[in-house]
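Understanding the architecture of this molecule
If you want the building blocks of each chain, they are given just below.
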Number of protein chains: 2
Amino acid sequence: MTLSLIDTLFSRRQRLAKLIHFPAILWSGTSTPRNFPANVFPYRASSHFLYFAGLPLPNAAIRLEAGKLELFIDDPKPSSALWHGITPSREQIATQIGADAAYPMAELASRTEGAATIAVQDAATWTSQTQMLDRMVLPQVAPQGIDLELAKAIVTLRLTHDQGALAELCSAATVSVEAHKAGMAAVKTAKMEAEVRAAMESVIIAHNMKTSYNSIVTVHGEVLHNEEYHHPIQPGDLLLADVGAETANGWAADITRTFPTSGKFSSTQRDIYDLVLAAHDACIAAIHPGVEYADIHLLACKTIAQGLVDLGILRGQAEDLVEKDVHAMFFPHGIGHLLGLDVHDMEDLGDLAGYEEGRERSSRFGLGYLRLNRPLRPGMLVTIEPGFYQVPAILNSAREQYQYLINWERLEQFVDVRGIRIEDDVLVTNTGAEVLTQALPTTASKIEELVTKV
Amino acid sequence: MTLSLIDTLFSRRQRLAKLIHFPAILWSGTSTPRNFPANVFPYRASSHFLYFAGLPLPNAAIRLEAGKLELFIDDPKPSSALWHGITPSREQIATQIGADAAYPMAELASRTEGAATIAVQDAATWTSQTQMLDRMVLPQVAPQGIDLELAKAIVTLRLTHDQGALAELCSAATVSVEAHKAGMAAVKTAKMEAEVRAAMESVIIAHNMKTSYNSIVTVHGEVLHNEEYHHPIQPGDLLLADVGAETANGWAADITRTFPTSGKFSSTQRDIYDLVLAAHDACIAAIHPGVEYADIHLLACKTIAQGLVDLGILRGQAEDLVEKDVHAMFFPHGIGHLLGLDVHDMEDLGDLAGYEEGRERSSRFGLGYLRLNRPLRPGMLVTIEPGFYQVPAILNSAREQYQYLINWERLEQFVDVRGIRIEDDVLVTNTGAEVLTQALPTTASKIEELVTKV
């Protein structure tokens, strides 16, 4: 049985009403100009608005109080039909989302007293939030007072996903899986990274979705935030593709696969691939309600450290190497993050969502980049994304710090492994974990098959 | 012989130096957050910066004075190499663009005295412009004083394109032509508009370019600013695709074609298509240096009015119908606009670029939407994009106003023609015009061939 949008939204605001005892106003935001005002970036509504309003309505606001939803939006101007065609009226939208009342935007000014809010990202709207609430509301400034209380309440709700959210998240995952298959099918004939990216994003566009973040599609997987696509694809390269879809209503997927561009891993590439996959599988197997996500991260670190010892790249005991952060020379980022309406869910609130109250980021290089540090609960959706990278900047510093713990001569034999990551979207269930992206194979041989099958 | 980037930029700032006698500082801008700060829209540098700096450098500024170029940009932080890999140093960039000097961003504060600027679009940067120049610099507010003088000087330069610009514009045109061919090849098997869009944008992405504006790909061409892609494609539909590429350095193309989704225009669709094409061809043939663009617009209006009279849809004399704005019931927009670094070139400056000094927008419905009103000069690049649309909101008002001038019964026979537009990018030359997008056929039979050839 699937709940309707109206029921889903109703239930979300009832749950909110149990957590806060003041009104909340959430603005949707407006389009952001690109190079001139009329040429805007594709509109993205604020995630907090989407959670309670369900639809990506531009220039709208909702007021939530005691489980009631008031919608504020202007009817399209008569002249709008000329350029934009017939668009739904305020009343039609109100019906669609089950609003208890609906008003023109101008009415909102008289309904702001005592209301909390969360800053949206676009300047036009946070300026308006600041004016209407008569206090600074800025996306760069952490919320305070009732705004902080509201943020915490929303975090509580959004940390675990309801049926309505899961339907959207599964749909984003399904399309992302198809995109990755298209990428694997395209890589053997592609001459440049951009061509593989095109094959992948084309699937997402064809399903009328967007990318939930700027895709990484590169033969230089060791550049972790690589958003360039101009490198030629050479025989023997590995291509790392970190690409995810976002549904029309804003729910995200986030998948990474690394595949051999010629259809066959070299033996060194396969050794490291299998090691990263072992970490990936171990982490997913360890996911259960009550387990600390930081322990999942440490499990990945240990698995990678042990694997590198077994391959002769590291020297020593895995536990000890992890304590010394030696694993982080090859796996410098966290094992994953929350996933929901945002690809790093609720990261607009800093670490409020990612970190359990009272916990702070570690200053250790091997732990500080962890984006999630909470005990897992059923309904949480997290990514699991171990990796292995040879980042020149990191290895240079490691040469001094870990001269004897790393077998540099042995490492040289793995020069054709610049960067590997395997990432899936994993739902915490009552009994363990469900991989929403499991339709996309992970094993080296299956990946080779998909690349070669063209 | 093609000029190097360095020579092109050198020449541009020498010409600027002849027009203004004060320093100008142009900021490039920064990435704009989408749903949270780290998840940004793809970076787009300010067009004015791109014109003089040549490269889409984020978080940079240039200071132009007496033909000299000073570059202000910070070297990448050491930690940046960890996530972003090796990126060019300030000195390397300075060499690449032929800067006369290069400094860290912090040095700019001491070099702002008496400098003019143009507001960029992103809030973080215009806030910084405002602070550093100690006056309000806002993209929503028309420039004044020396800022206005600078804007006018830049308009003078950017109105006509140099060799460096034309090379980029041709490259954008070439990729856009391929994208449209891919759309035509995809339409017969596509079930939804989004699939055709995917085929087209995939070509643009594969060439490592971006779309220069949000694509219009729709079977409802009568909705002029349609940015939805969810409609099913039905037999007998026409699909209107308005899609253009933008090069990595920011130069745009802008092409529209309308094609029969089943590979064959109906006789009514073909009648109107040929009429729109006649207007398109007549306008291009009329383009010469010295000709008023507004007269090109009127030529399109008259050609369309005459054609509609010939088809029995309008009653009366073409000239008279145009004077009464009856043509605008079916062709409500202008014949085109400037094209360059922006798809509506320099529209961030309002009508400063589009309208010759002393001219203002007409209040007439049939003329007021014209974006360009200047005599044509060699080196100007304009779009020519006549169309025919049955917009319900417009026709409803026309029923009262033009009851007898429109043969409503005859019009009913054209119910399968909702919207047609044919748009090309046309360079004004010394002797007439050169169509940069001419590799893409326009005739109905050639279009049918491209759709059917799959």
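Residues numbered from 1 in each chain as written. Chains lettered and ligands numbered in written order. Predicted model: local features only at pLDDT ≥ 70, side-chain atom pairs only at ≥ 80, totals over all residues. Heavy atoms only, no water.

Let's shift gears to the overall build of chain A. Scanning chain A from N- to C-terminus turns up 14 helices and 16 strands. Radius of gyration (C-alpha) of chain A: 23 Å, near the 22 Å computed for a compact globule of 454 residues. For the C-alpha atoms alone, the extent of chain A along its principal axes is close to 70 × 50 × 45 Å. Expressed as a percentage of the 454 residues in chain A, the buried residues total 60%. Nonlocal contacts in chain A, meaning residues at least 24 apart in sequence, comprise 72% of its contacts between residues at least 6 apart. Accessible surface, chain A: about 17,500 Å² in total, of which carbon and sulfur atoms supply 53%. In chain A, 37 positive and 55 negative side-chain charges are present, and the distance between their average locations comes to 2 Å. (Helix = DSSP H or I, 4+ residues; strand = E, 2+ residues; numbered from the N terminus. Rg over C-alpha atoms; globule rule 2.2 N^0.38 Å. Buried < 20%, exposed > 50% of the residue type's maximum accessible area, 1.4 Å probe, protein only. Contact = heavy atoms within 4.5 Å. Areas by Shrake-Rupley, 256 points an atom, 1.4 Å probe, with all protein chains shown as cover. Lys, Arg positive; Asp, Glu negative; His and termini not counted. Charge placed at Lys NZ, Arg CZ, Asp CG, Glu CD.)

Turning to the relation of the copies chain A and chain B, a few remarks are in order. When chain A is fitted to chain B, the best match, at an RMSD of 0.0 Å, comes from turning it 180° and sliding it 0.0 Å along the axis. In short, the pair behaves as if placed about a two-fold rotation axis. Closest approach to the rotation axis among the C-alpha atoms of chain A is made by A:S202, whose C-alpha sits 2.7 Å away. A high fraction, 100%, of the interface residues of chain A reappear at the interface in chain B, so the copies pair face to face through one surface. (Least-squares fit on C-alpha atoms with pLDDT ≥ 70 in both.)

Considered for burial, the residues of helix α12 (residues 392-401) of chain A that qualify are A:I394, A:L395 and A:A398. Taken around the axis of α12(A), the buried residues stretch over an arc of 90°, which confines them to a single face. In this structure, α12(A) carries A:N396 and A:E400 as exposed residues pointing more than 90 degrees from its buried face. Residues of α12(A) that are buried in the fold lie against α13 (408-412) of chain A together with α3 (80-84) of chain B. (Arc of directions from axis to C-beta.)

Residue and element names in this part refer to chain A. Structurally, chain A comprises domain 1 (5-158) and domain 2 (163-452). The gap between the C-alpha centroids of domain 1 and domain 2 is 34 Å. Contacts between the two partners involve 21 residues from domain 1 and, on the opposite side, 18 residues from domain 2. In total, domain 1 and domain 2 occlude about 1,500 Å² of area from one another, counting both sides; carbon and sulfur atoms represent 54% of this. On the domain 1 side of the interface with domain 2, the three residues burying the most area are R44, V155 and R158, jointly 33% of the side's total. Where domain 1 meets domain 2, there are 4 salt bridges. (Domains from an automatic or database assignment. Buried area = accessible area lost by both parts, 1.4 Å probe. Salt bridge = Lys/Arg side-chain N within 4 Å of Asp/Glu carboxyl O.)

With that settled, the discussion passes to the layout of surface pockets. By volume, the second largest pocket amounts to about 720 Å³. Taken together, 27 residues make up the lining of the second largest pocket; nearest its centre are A:D122, A:A123, A:A124, B:D122 and B:A123. Mapped by element, the contributors of at least two residues to the lining of the second largest pocket are α5 (123-133) of chain A together with α5 (123-133) of chain B. Of the residues assigned to the lining of the second largest pocket, the class counts are 13 nonpolar, 12 polar and 2 charged. (1 Å grid on protein atoms, 1.4 Å probe; cavity = no way out; pocket = protein on both sides within 12 Å on 5 of 7 lines; lining within 4 Å. Points joined across faces, edges and corners; volume = space filled by probe spheres on them. Nonpolar A, V, L, I, M, F, W, Y, C, P; charged D, E, K, R; others polar.)

The next thing to look at is the environment of B:Q269. Residues and elements named next belong to chain B. Considering the arrangement of structural elements, one finds Q269 in helix α9 (residues 267-286). The exposure class assigned to Q269 is buried, which follows from its relative accessible area of 1%. In the structure, Q269 is positioned 162 residues away from E107 in sequence and 62 Å away in space, judged by C-alpha atoms. When near neighbours in sequence (up to four residues on either side) are disregarded, Q269 contacts G236, D237, L238, K264, D416, V417 and I420. Within the structure, the side chain of Q269 is placed 3.0 Å from the backbone oxygen of D416, a separation counted as a polar contact. (Polar contact = N/O pair within 3.5 Å; in protein donor to acceptor, adjacent residues only side chain to side chain.)

Before going further, it helps to examine the nonpolar core. With 139 residues, the main nonpolar core has B:L71, B:L150, B:I272, B:F330 and B:I406 as its most contacted residues. For this core, the element with the highest residue contribution is helix α7 (residues 163-187) of chain B, accounting for 9 residues. Sequence-distant contacts of B:I406, that is, excluding residues within four places in its chain, are made with B:I313, B:L314, B:R315, B:V326, B:M329, B:F330, B:A398 and B:L411. Listed in part, the 138 residues of the second largest apolar core include A:I62, A:M184, A:L311 and B:F36. (Core = buried A, V, L, I, M, F, W, Y, C linked by side-chain atoms within 4.5 Å.)

The next point concerns the interface of chain A and chain B. Each partner contributes to the interface: chain A provides 57 residues, whereas chain B provides 57 residues. Roughly 4,600 Å² is buried in total at the junction of chain A and chain B, and carbon and sulfur atoms are behind 62% of that figure. Our count for the chain A to chain B interface comes out at 2 salt bridges. Of the charged contacts, one joins B:E246 and A:R34 as a salt bridge, the two residues approaching to 2.9 Å between their closest N and O atoms. At the junction of chain A and chain B, the tally comes to 12 residue pairs in polar contact (both at pLDDT 80 or more). For the side of chain A that touches chain B, the elements supplying multiple residues, two or more each, are β2 (33-36), β3 (39-40), α3 (80-84), α8 (193-206), β7 (210-211) and α12 of chain A. It is α8(A) that provides the largest number of residues to the side of chain A that touches chain B, a total of 8 residues. Residues of the side of chain A that touches chain B, tallied by class, amount to 28 nonpolar, 18 polar and 11 charged.

Here we come to the sheet that holds strand β16 (residues 433-435) of chain B. Residues and elements named next belong to chain B. Strand order in the open sheet made by the 3 strands is β12-β15-β16, with antiparallel pairing throughout. The open sheet has two free edges, formed respectively by β12 (381-384) and β16, since each of these has just one partner strand. Neighbour to neighbour, the strand axes of the sheet diverge by 35° on average, direction disregarded. Where strand β15 (residues 424-428) and β16 come together, 3 bridges link them in antiparallel fashion. Of the residues in β16, the one forming a bridge with L427 is E434. Sitting on the sheet, α9 is in contact with β12, β15 and β16, with an inclination near 155° to β12. (Pairing = 2+ DSSP bridges. Axes fitted to C-alpha atoms, helices over the stretch in contact; angles between N-to-C directions.)

Turning to the pattern of salt bridges, a few remarks are in order. In the structure shown here, the tally under the stated rule is 56 salt bridges over all chains. Of the charged contacts in the structure, one is a salt bridge between A:E385 and A:R421, with a shortest N-O distance of 3.8 Å. On the criterion of sequence distance, the pair formed by A:E385 in the loop between β12 (381-384) and β13 (387-389) and A:R421 in strand β14 (residues 419-421) is long-range, its members being 36 residues apart. We note that A:E385, like A:R421, is buried. The residue B:K324 makes a salt bridge to B:D320 at a minimum N-O spacing of 2.9 Å. On the basis of relative accessible area, B:D320 is assigned to the partly exposed category, the value being 34%. Here the salt bridges do not stand alone but share partners, grouping A:R63, A:E65, A:E70 and A:R111 into one network.

Attention now goes to the side chain of A:N249. Mapped onto the fold, A:N249 is located in the loop between β10 (245-246) and β11 (255-260). Excluding its chain neighbours within four sequence positions, the residues that come into contact with A:N249 are A:L50, A:G54, A:L55, A:P56, A:E168 and A:L341.

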